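Survey of secondary and tertiary structure
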Amino acid sequence: MNTIKGNCLCGGIHYSSHLAPLSTAVCHCIDCQKQSGSAFSVNLLVQAEGFLVQGVSLGCYAKAGGSGLPVKRYFCTRCGSALYSEIASMPGVLAVKAGTLSHPRNSAPNLHLWCASAQPWVVIDRSLPCFEQTPTE
Ligand SMILES: [Zn+2]
Ligand SMILES: [Zn+2]
């Protein structure tokens, strides 16, 4: 039984993990806004160990994140869906785009990152842990 399961828009890529996610983080960074084409991204933080990806259309784009270390962003080259990121400042953890989950409603956010660049009309639940950048900075 897979705890985490999801796929891209065209179905060309499927992923899964049998491990429970660590948390769900909303990221308001400019790069996530660009990549998602939206105001923020919702990311399930999962252990890289045990995360399985299947499909032939996986692409990767690497760019330095806010920490200056590379963030590798994986996506489907056929439909363009953003799927997950490998963040060098968080080794062993992947940030899986919650909108691609088979059951996204089970992943309500429990922290906010990069609130400093949040769009002014986004209402952030300040009862959750909120970081202006990331917890490491
Ligand atoms: Zn696809
Ligand atoms: Zn981000």
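Residues numbered from 1 in each chain as written. Chains lettered and ligands numbered in written order. Predicted model: local features only at pLDDT ≥ 70, side-chain atom pairs only at ≥ 80, totals over all residues. Heavy atoms only, no water.

1. Considering the overall build of the chain
Heads up, the condition is: Here a helix means four or more residues in a row that DSSP labels H or I, a strand means two or more in a row labelled E, and each is numbered from the N terminus. Atoms considered for the radius of gyration are the C-alpha atoms alone. The globule rule reads 2.2 Å times the number of residues to the power 0.38. When accessible area is computed with a 1.4 Å probe and restricted to protein chains, residues below 20% of their type maximum are described as buried, those above 50% as exposed, and intermediate ones as partly exposed. Computed by Shrake-Rupley with a 1.4 Å probe, the accessible areas treat only the displayed protein chains as cover when residues are assessed. Lys and Arg are tallied as positive, Asp and Glu as negative. Neither His nor the chain termini are counted. Every charge is mapped onto a representative atom, which is NZ of Lys, CZ of Arg, CG of Asp or CD of Glu.
For the chain, the count of helices and strands is 1 helix and 10 strands. From first element to last, N terminus to C terminus, the chain shows the α and β order β-β-β-α-β-β-β-β-β-β-β. Taken over C-alpha atoms, the radius of gyration comes to 14 Å for the chain, in line with the 14 Å a tight globule of 137 residues would show. Per-residue burial over the chain gives 40% buried out of 137 residues. A total of about 7600 Å² of accessible surface is found on the chain, and carbon and sulfur atoms cover 57% of it. The distance from the centre of the 9 positive side-chain charges to the centre of the 6 negative ones in the chain is 11 Å.

2. Things to note about the sheet that holds strand β5 (residues 51–54)
Note the cut-off: The criterion for strand pairing is that DSSP finds at least two bridges linking the strands in question. Simply put, an axis is a line fit to the C-alpha atoms, just over the touching stretch for a helix, and the angle between two N-to-C directions goes from 0 to 180 degrees.
Sheet architecture is open: 3 strands sit in the order β1-β2-β5, paired in antiparallel fashion. The sheet is open, and its two borders are formed by β1 (4–7) and β5, each paired with just one other strand. Ignoring strand direction, the axes of neighbouring strands in this sheet form an average angle of 10°. Here strand β2 (residues 14–17) pairs with β5 via 4 bridges, running antiparallel. Bridging across to β5, serine 17 finds its partner in phenylalanine 51.

3. Thoughts on the coordination of the zinc ion (ligand 1)
What counts is decided by this rule: Think of the donor list as every N, O and S atom within 2.8 Å of the metal, or within 3.2 Å for Na, K and Ca; water never makes the list, so a site can look incomplete. Between 85 and 135 degrees for all angles marks four donors as tetrahedral; over 155 degrees for opposite donors together with 65 to 115 for all other angles marks four donors as square planar and six as octahedral; every other arrangement is irregular.
Within the protein, the zinc ion (ligand 1) binds to Cys8 (SG), Cys10 (SG), Cys76 (SG) and Cys79 (SG); these donor distances fall in the range 2.3 to 2.4 Å. Geometry at the zinc ion (ligand 1) is tetrahedral, judged from the 4 donor atoms that bind it and their angles of 106 to 113° at the metal. Each donor residue of the zinc ion (ligand 1) lies on one chain, and together they are spaced C-x1-C-x65-C-x2-C. For cysteine 8, a relative accessible area of 2% puts it in the buried group.

4. Let's talk about the coordination of the zinc ion (ligand 2)
Within the protein, the atoms that donate to the zinc ion (ligand 2) are Cys27 (SG), Cys29 (SG) and Cys32 (SG), at distances of 2.1 to 2.3 Å. Sequence positions of the residues that donate to the zinc ion (ligand 2) give the spacing C-x1-C-x2-C. Exposure class is identical for cysteine 29 and cysteine 32. Each is buried.

5. A closer look at the sheet that holds strand β10 (residues 111–113)
Adjacent strands of a sheet form backbone hydrogen bonds with each other and so pair up, either parallel or antiparallel. The strand order β6-β7-β8-β9-β4-β3-β10 describes an open sheet built from 7 strands, whose pairing is mixed. Strands at the two margins of the open sheet, each flanked by one partner only, are β6 (58–64) and β10. Averaged over all adjacent pairs, the angle separating strand axes in this sheet is 30°, with direction ignored. Summarising the sheet, strand β7 (residues 70–76) and strand β8 (residues 82–87) pair through 5 bridges and their orientation is antiparallel. Bridging from a neighbouring strand, lysine 72 pairs with glutamate 86 of β8.

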